[in-house]
Amino acid sequence: MEEKKYSITIAGGGSTFTPGICLLLLEHMDRFPIRKIQFYDNFKERQETIAKACEIYLKENAPEVEFGYTTDPETAFTDVDFVMCHIRVGLYAMREKDEKIPLKYGVVGQETCGPGGLAYGMRSIGGVIEILDYMEKYSPNAWMLNYSNPAAIVAEATRRLRPDSKILNICDMPIDLEEKMASMIGLSSRKELDVGYYGLNHFGWWHSIKDQNGNDLMPEIKKHVAANGFADALSKTNQHVEQSWIETFSKAKDVYALDPDTIPNTYLKYYLYPDYVVEHSDPNHTRANEVMEHREKNIFTICQNIIDKGTAKDGGFEPDAHAEYIVDLACALATNTKEKFLLIVPNEGAVENFDRTAMVEIPCYVGINGYERVVQGAIPQFQKGLMEQQVSVEKLVVEAWIEGSYQKMWQAMTLSKIVPSAKVAKQILDEMIEANKDFWPELK
Ligand code: NAD
Ligand code: G6P
Ligand code: MN
């Protein structure tokens, strides 16, 4: 029988992550063979720079792979097996506003947490649903692997609006942290860890980590986290290496102190130490500025150099090693590996004492027919309380988007643990509405 080869569409072709993921796909062709890669974006010029450079790279390194890029949905989504979706509706210019507007009111300004994340959610829902619909129209058997943020809100929106769609929502933060935990105790890969985890996206905890023989690794890992957070094992890849991320990895020590029975996701710092985060933020220069000045500028400079020289042989492009999980996930769906991943899926009882309709982040086995949840049992009161508040925020945002409801969006902002009062919530919301008028549905 001839070996099956896959056709991939990368949605958000103009993303800073696209070249790295493209090269990574080529590196793993022995286990995940590819016949075609297409880029899709709604920003023609931005995508063109990335795509022309990738086209040169592909011609030189994998001429057998058909390549194309387009802003036409029919071309992009016809004859596709997998859509890898990483769009950023509003680009970094809007991320900058998400981060800076709350800070004006003394509130955490963050890409996916608090008011900034809720504003980003209101922009992302429509974009991701549109791409999902294109995929289903032109390639009804395809799977979408979505890591567009804010993943928690996007996932809840797809649960509400497209409950039967073939979409898996996934985040790379737990993967990065598992790599760090493996490394801090001398293991070579996160794949040697067998983990128990529950939470929402960017809002979760490991409650069990064992090796493949069932030995408990939590005590040893906890010693490191108690002393230095995740900073004892900084990245092997080039992701998350800047000072601001190193501070986040260190701060996990204080997040851990609050519940030494579990190991926390780094993102909990925004909810549990918002005062510290605000004190350590520069309201005139946030993470969006850092990313625009570094990652975005570097990627576009490299691409332009490749285009100008007409060759990618002098280097510049590197496979995005941190994104290997995306290939693993596609492989699991394509070849039934039944590998375990943390996915964002409807709870349905996997977290026993928590809302069945919540989109939770939990371990799942992935195979040719999709995912099977691994039951995590009942969770402690502390986490349950935090999660109930946060899941309500996320559900209210999705309801606000569906109904065009100002009231629900105000409730969502007010309920966010990071926001001190309904008054401040309203001030931030009103400014966010103005800043997002090209992106949000009208709220009445
Ligand atoms: P980026 O701005 O560089 O790229 C995003 C691209 O999406 C842009 O080219 C933009 O034109 C395009 N786009 C926006 N709206 C679109 C639409 N409606 N249809 C088609 N294309 C559209 O952003 P980036 O920093 O590379 O990040 C991309 C996404 O990946 C973001 O959502 C980011 O938050 C997410 N991300 C998620 C994880 C995770 O753990 N889940 C990790 C890293 C990045
Ligand atoms: C982690 C999170 C992503 C988030 C990213 C931000 O990887 O899991 O969801 O988008 O960090 O990183 P950045 O470098 O853009 O600040
Ligand atoms: Mn994430």
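No experiment lies behind these values; they were computed from the predicted model shown.

1. A closer look at the coordination of the manganese ion (ligand 3)
And step 1. Only C171 (SG) and H202 (NE2) from the protein reach the manganese ion (ligand 3) as donors, at distances of 2.2 to 2.4 Å. Taken together, the positions of C171 in the loop between β6 (167–169) and α7 (173–184) and H202 in the loop between β7 (194–200) and β8 (203–210) put the pair 31 residues apart, joining distant regions of the chain. We note that C171, like H202, is buried.

2. Looking at the site of ligand 1
And step 1. Surrounding ligand 1, one finds 27 residues, the nearest of these being S15, D41, Y92, Y120 and Y147.
And step 2. Here an oxygen atom of ligand 1 and a side-chain polar atom of S15 are 2.5 Å apart.
And step 3. Here an oxygen atom of ligand 1 and a side-chain polar atom of E111 are 3.0 Å apart.
And step 4. Its free accessible area being 870 Å², ligand 1 has 95% of it covered by the protein chains.
And step 5. In terms of residues, the shell around ligand 1 owes the most to one element, helix α5 (residues 114–138), which gives 3 residues.
And step 6. Residue composition of the shell around ligand 1, grouped by class: 12 nonpolar, 9 polar and 6 charged.

3. Some points on the UniProt feature "transmembrane region" (unreviewed entry) in the protein chain
And step 1. The sites that carry the UniProt feature "transmembrane region" (unreviewed entry) are, in the present numbering, residues 6–26.
And step 2. As a span, residues 6–26 carries 43% helix and 29% strand, and end to end its C-alpha atoms are 12 Å apart.

4. Some words on the site of ligand 2
And step 1. Residues in contact with ligand 2 amount to 14 residues; listed here are only the nearest, R95, N149, D172, R287 and R295.
And step 2. Against a free-state accessible area of 390 Å², the protein chains account for coverage of 91% of ligand 2.
And step 3. Partitioned by chemical class, the residues of the shell around ligand 2 number 5 nonpolar, 4 polar and 5 charged.

5. Comments concerning the pairing of strand β5 (residues 143–146)
Both faces of the sheet carry side chains from a regular strand, because those side chains alternate between them.
And step 1. Both faces of β5 are covered, namely the face carrying W143 and L145 and the face carrying M144 and N146.
And step 2. Looking at chain direction, strand β4 (residues 82–85) and β5 are connected through 4 bridges and run parallel. Each bridged residue has a counterpart across the sheet, and for F82 the counterpart in β5 is W143.
And step 3. By the bridge criterion, 3 bridges tie β5 to β6 in an arrangement that is parallel. Looking at β6, one finds that M144 is bridged to I167.
And step 4. At this point the chain moves from β5, through helix α6 (residues 151–161), to the parallel β6, and the crossover so formed is right-handed.

6. Topic: the packing of aromatic side chains
And step 1. Here the structure, examined in full by the defined rule, presents 16 aromatic pairs.
And step 2. Where Y6 meets F32, the ring centres are 5.0 Å apart and the plane angle is 10°; that geometry is what we call stacked. Linking Y6 in strand β1 (residues 6–11) with F32 in the loop between α1 (18–27) and β2 (34–40), this pair joins segments that are 26 residues apart in sequence. In this structure, Y6 and F32 share a single accessibility class: buried.
And step 3. Every member of this aromatic cluster is reached through a ring pair, and the members are Y198, F203, W205 and Y271.
And step 4. Residue placement shows K180 over the ring face of F249; its charged tip is 4.3 Å from the ring centre.
And step 5. Here the guanidinium or amino end of K426 rests over the ring plane of W410, the centre of that ring lying 5.5 Å away.

7. Some details on the side chain of H240
And step 1. Its place among the elements puts H240 in the loop between α8 (218–228) and α9 (243–258).
And step 2. A polar atom in the side chain of H240 sits 3.3 Å from the side chain of D176.
And step 3. Engagement of the side chain of H240 in a polar contact is seen with the side chain of Q239, the distance being 3.3 Å.
And step 4. Residues contacting H240, with those up to four places away along its chain left out, are M173, D176, W245 and F249.

8. So, the packing of α5 against α6
And step 1. Where α5 meets α6, the closest approach of the two axes is 8 Å, and the angle between their N-to-C directions is 45°. One way to sum up the angle between α5 and α6 is to call them oblique. Note that α5 runs across α6; the crossing there is right-handed. Across the interface between the two elements, G117, L118, G121, S124, I125, V128, I129 and L132 from α5 touch I153, V154, A157, T158 and L161 from α6.
And step 2. Among the residues making up the contact of α5 with α6, the classes are represented as 9 nonpolar, 4 polar and no charged.

9. Some details on the packing of helix α4 (residues 91–104) against helix α12 (residues 287–309)
And step 1. Between α4 and α12, whose axes approach to 8 Å, the crossing angle comes to 150°. Taken together, the axes of α4 and α12 lie roughly antiparallel to each other. Along its contact with α4, which presents Y92, R95, E96, E99 and K100, the element α12 presents R287, A288, N289, V291, M292, R295 and E296.
And step 2. Residue composition of the contact of α4 with α12, by class: 4 nonpolar, 1 polar and 7 charged.

10. Re the nonpolar core
And step 1. Ranked by internal contacts, the top residues of the largest apolar core, which has 128 residues, are L25, F32, I209, I263 and M409.
And step 2. The element contributing the most residues to this core is helix α13 (residues 324–335), with 9 residues.
And step 3. Sequence-distant contacts of L25, that is, excluding residues within four places in its chain, are made with I8, I10, F32, I34, I37, M84 and V327.

11. Some details on the sheet that holds β8
And step 1. Taken in spatial order, the 3 strands of this open sheet run β7-β8-β9, and their pairing is antiparallel. The open sheet terminates on both sides in strands that have one partner only, identified here as β7 and β9 (263–264).
And step 2. Summarising the sheet, β7 and β8 pair through 7 bridges and their orientation is antiparallel. Of the residues in β8, the one forming a bridge with G199 is G204.
And step 3. Relative to the sheet, α7 contacts β7, β8 and β9, its axis offset from that of β8 by approximately 35°.

Parameters and conventions
- Residues numbered from 1 in each chain as written.
- Chains lettered and ligands numbered in written order.
- Predicted model: local features only at pLDDT ≥ 70, side-chain atom pairs only at ≥ 80, totals over all residues.
- Heavy atoms only, no water.
- Donors = N, O, S within 2.8 Å, 3.2 Å for Na, K, Ca; no water.
- Helix = DSSP H or I, 4+ residues; strand = E, 2+ residues; numbered from the N terminus.
- Buried < 20%, exposed > 50% of the residue type's maximum accessible area, 1.4 Å probe, protein only.
- Near = heavy atom within 4 Å.
- Polar contact = N/O pair within 3.5 Å; in protein donor to acceptor, adjacent residues only side chain to side chain.
- Areas by Shrake-Rupley, 256 points an atom, 1.4 Å probe, with all protein chains shown as cover.
- Nonpolar A, V, L, I, M, F, W, Y, C, P; charged D, E, K, R; others polar.
- UniProt positions renumbered as here; feature names shortened; annotations may be inferred.
- Pairing = 2+ DSSP bridges.
- Right-handed = clockwise from strand over helix to strand, strands pointing away.
- Phe/Tyr/Trp six-rings, centres within 6.5 Å; stacked < 30°, edge-to-face > 60°.
- Lys NZ or Arg CZ within 6 Å of the ring centre and 35° of its normal.
- Contact = heavy atoms within 4.5 Å.
- Axes fitted to C-alpha atoms, helices over the stretch in contact; angles between N-to-C directions.
- Parallel < 35°, antiparallel > 145°, perpendicular 65-115°, else oblique.
- Left-handed = near helix turned anticlockwise from the far one by under 90°.
- Core = buried A, V, L, I, M, F, W, Y, C linked by side-chain atoms within 4.5 Å.

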